[in-house]
Amino acid sequence: MTFVLAPFAAVGRSTLAMLATIGSVAIYCALTLNHLLRPPFYFREFLSALLAIGYFSLPVVGLTMVFTGGALALQIYAGGARFNAESVVPQIVAIGIVRELGPVLTGLMVAGRVSASIAAEIGTMKVTEQIDALVTLSTNPLKYLTIPRVLAATLVVPLLAAVGDIIGVLGGYLVSTSRLGFTPAVYLTNTWDFLEAADMVSSLAKAAVFGFIVALMGCYHGMNSGRGAQGVGRATTNAVVSSSILILASNYLLTELFF
Amino acid sequence: MIEMRDVHKAFGINRVLRGVTLTIPRGESMVIIGGSGTGKSVALKCILGLIRPDTGQILLDGEDVARAERDAFLARFGMLFQGGALFDSLTVWQNVAFRLLRGRLKRPKAQAREIAIEKLRRVGLTPETADLFPAELSGGMQKRVGLARAIAAAPEIIFFDEPTTGLDPIMAGVINELIREIVVEMGATAMTITHDMSSVRAIADKVAMLHNGKIRWTGPVAEMDDSGDPYLTQFITGSAQGPIEAVR
Ligand SMILES: Nc1ncnc2c1ncn2[C@@H]1O[C@H](COP(=O)(O)OP(=O)(O)OP(=O)(O)O)[C@@H](O)[C@H]1O
Ligand SMILES: [Mg+2]
């Protein structure tokens with residue numbers, strides 16, 4: 001009998017475990033939001049998080065977007081040529097990059113870079129009892145470690161996405177003018193005239209949400225890291241996977257909401 | 001005064017504490033001994049609220065610590081962790097002065113640094129170590145920085161988890177003397193875990209032995225040698241033969 005029931009038990013167990021995780025992430029998220037703007041505020045930690053998350057992610061985001069913008073231009077040109085609409089390249093590149101690819105790819109690259117490093121750092125602190133030491137030194141780990149990182153990511157990822165948008169459009173521009181025979185001035189005018197303020201606002205708003213997700217997942221998995229090096233490794237993987245999935249899912253919801 | 005009343009704690013099927021009852025009077029130095037893995041560190045963490053006991057009560061000056069205001073409660077404590085637990089993103093002096101750089105004890109940076117260097121000197125470290133990072137220190141040096149951090153804000157109650165493990169005999173002597181000094185001069189309450197019997201004799205007013213999740217024996221250090229308890233005697237003499245099994 002147990003032999004027959006075993007698969008059901010396994011499904012049940014993992015469902016329960018998943019629900020428990022969702023619950024504890026939600027509680028952690030609520031705690032973070034609750035403490036977000038209450039003193040004490042650790043300004044130095046906030047500044048170093050800004051630097052680590054924002055400034056040092058610039059090269060990765062820039063490279064990702066320049067290549068993506070270039071490839072997008074080629075694809076749209078090839079696709080447009082099938083119904084004699086090659087001239088829409090600037091407009092579609094601008095829309096595709098600003099409304100969708102800019103924030104999403106920035107979010108995903110930051111998820112890989114930042115949530116992994118946050119989870120590894122905090123997980124190591126947990127494993128080596130540094131989190132316990134913080135508590136005994138009258139410092140709330142949520143305020144000292146989580147809040148500065150979450151706040152920094154929420155503020156700085158939109159800036160990264162804005163830079164990413166510009167570089168992405170630039171990638172499309174470079175390919176279009178050098179390989180597809182577009183006139184530079186015309187390309188730029190078309191891009192500029194076509195974009196609306198709402199496109200940019202949605203781009204930045206999405207990026208802010210993605211930044212929040214990335215830092216929150218990094219901190220959550222770090223704080224709940226298992227014991228030993230293996231525990232930290234697993235926390236890092238979970239942080240990257242969960243923040244990537246949450247970014248893609250919330251991107252869909254936000255897109256529904258905005259358009 | 002700290003009181004543990006029938007404290008139980010299990011991790012899964014591993015029943016670590018099985019009814020620990022222990023009183024540490026104010027201003028005394030209590031040393032806890034016991035085999036490796038018997039739950040000495042877990043007991044300290046239970047008092048600090050880092051681990052929540054399954055059942056039982058822990059009282060500080062008659063007040064249940066589970067209900068006490070956390071900030072005020074923790075402000076009275078200092079703790080040296082078994083592994084040091086230094087913050088590796090901060091320099092040595094910033095570690096030592098952690099409490100003095102933020103929160104209610106905050107003071108100017110120069111002053112905090114001065115205090116940190118003074119505390120480092122007391123644990124036998126030169127001012128040059130102040131600007132190094134923990135990763136650049138030896139194990140024994142890290143331990144001593146952890147000790148300096150625990151005493152930096154002059155807490156009333158200090159927990160030392162194996163303060164002399166990994167130190168050379170002379171440095172161990174210095175640390176034993178320091179702990180004694182802190183208790184006698186500053187009137188602090190100290191609770192120390194150690195495996196080193198010479199250290200027990202140097203710093204203890206009272207000794208408690210933890211075995212099988214319970215306090216096996218407790219009493220003044222002077223009565224330790226002729227307690228008549230076969231477990232304690234075996235532990236003190238370090239004999240392989242006796243009631244305590246070697247494999248556990
Ligand atoms: N966070 C934890 N999760 C699971 N088990 C734990 C945890 N902390 C301690 N234990 C277990 O509790 C037991 C007692 O551990 P503890 O660290 O208190 O031992 P100890 O008496 O301090 O030993 P030592 O003298 O070697 O430091 C061990 O079996 C350990 O595996
Ligand atoms: Mg221990």
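Predicted model, so just to flag it, every value in this text is computed and none were measured.

Enquirer: What's the story with the overall build of chain A in this structure? I'm lost.
Expert: Along chain A, the regular secondary structure elements total nine helices and zero strands. Its C-alpha atoms give chain A principal-axis dimensions of roughly 65 × 60 × 30 Å. The proportion of buried residues among the 259 residues of chain A is 47%. In chain A, of all internal contacts separated by at least 6 residues, the share reaching a separation of at least 24 is 85%. Accessible surface, chain A as shown: approximately 12800 Å² in total, 73% of it carbon and sulfur. The centroid of the 13 positive side-chain charges in chain A is displaced by 11 Å from the centroid of its 11 negative side-chain charges.

Enquirer: What should I look at first to understand the sheet that holds strand S7 (residues 157–161) of chain B in this one?
Expert: Two pairing modes exist for strands in a sheet, parallel and antiparallel, and in both the strands are linked by backbone hydrogen bonds. Residue and element names in this part refer to chain B. One open sheet accounts for six strands, arranged S6-S7-S8-S3-S9-S10; its pairing is mixed. In this open sheet, the two strands that pair with only one neighbour each are strand S6 (77–80) and strand S10 (214–220). Here the strands of the sheet are splayed against their neighbours by 15° on average, with no regard to which way each runs. Direction of pairing for strand S3 (residues 29–33) relative to strand S9 (residues 206–211): parallel, over a ladder of four bridges. Across the sheet, Ile32 pairs through a bridge with Ala208, a residue of S9.

Enquirer: Help me understand the domain arrangement of chain A in this model?
Expert: As a measure of interface size, the accessible area lost when the parts come together is often cited. Residues and elements named next belong to chain A. Structurally, chain A comprises domain 1 (1–35) and domain 2 (42–258). The straight-line distance from the C-alpha centre of domain 1 to that of domain 2 is 28 Å. Between domain 1 and domain 2, the residue contacts involve nine residues of the former and 12 residues of the latter. In total, about 920 Å² of surface goes out of reach between domain 1 and domain 2, with carbon and sulfur atoms giving 76% of it. Of all residues in domain 1, the largest losses of buried area upon contact with domain 2 belong to Tyr28, Thr32 and His35, amounting jointly to 64% of the total for that side. The tally of links from domain 1 across to domain 2 stands at zero salt bridges. Taken together, domain 1 and domain 2 are joined by three residue pairs in polar contact (both at pLDDT 80 or more). Counted by class, the side of domain 1 that touches domain 2 contains five nonpolar, four polar and no charged residues.

Enquirer: What am I meant to see in the packing of aromatic side chains here?
Expert: Where two aromatic rings form a pair, the distance of their centres and the angle of their planes describe that pair. Residue and element names in this part refer to chain A. This model, assessed by the stated rule, comprises 12 aromatic pairs over all chains. Their ring planes at 65° and their centres at 5.6 Å tell us that Tyr28 and Tyr220 sit as a pair that is edge-to-face. With Tyr28 in helix H1 (residues 2–35) and Tyr220 in helix H8 (residues 197–223), this residue pair connects regions lying 192 residues apart in the sequence. On the basis of relative accessibility, which here comes to 11%, the residue Tyr28 falls in the buried class.

Reading guide: rules and limits
- Residues numbered from 1 in each chain as written.
- Chains lettered and ligands numbered in written order.
- Predicted model: local features only at pLDDT ≥ 70, side-chain atom pairs only at ≥ 80, totals over all residues.
- Heavy atoms only, no water.
- Helix = DSSP H or I, 4+ residues; strand = E, 2+ residues; numbered from the N terminus.
- Buried < 20%, exposed > 50% of the residue type's maximum accessible area, 1.4 Å probe, protein only.
- Contact = heavy atoms within 4.5 Å.
- Areas by Shrake-Rupley, 256 points an atom, 1.4 Å probe, with all protein chains shown as cover.
- Lys, Arg positive; Asp, Glu negative; His and termini not counted.
- Charge placed at Lys NZ, Arg CZ, Asp CG, Glu CD.
- Pairing = 2+ DSSP bridges.
- Axes fitted to C-alpha atoms, helices over the stretch in contact; angles between N-to-C directions.
- Domains from an automatic or database assignment.
- Buried area = accessible area lost by both parts, 1.4 Å probe.
- Salt bridge = Lys/Arg side-chain N within 4 Å of Asp/Glu carboxyl O.
- Polar contact = N/O pair within 3.5 Å; in protein donor to acceptor, adjacent residues only side chain to side chain.
- Nonpolar A, V, L, I, M, F, W, Y, C, P; charged D, E, K, R; others polar.
- Phe/Tyr/Trp six-rings, centres within 6.5 Å; stacked < 30°, edge-to-face > 60°.

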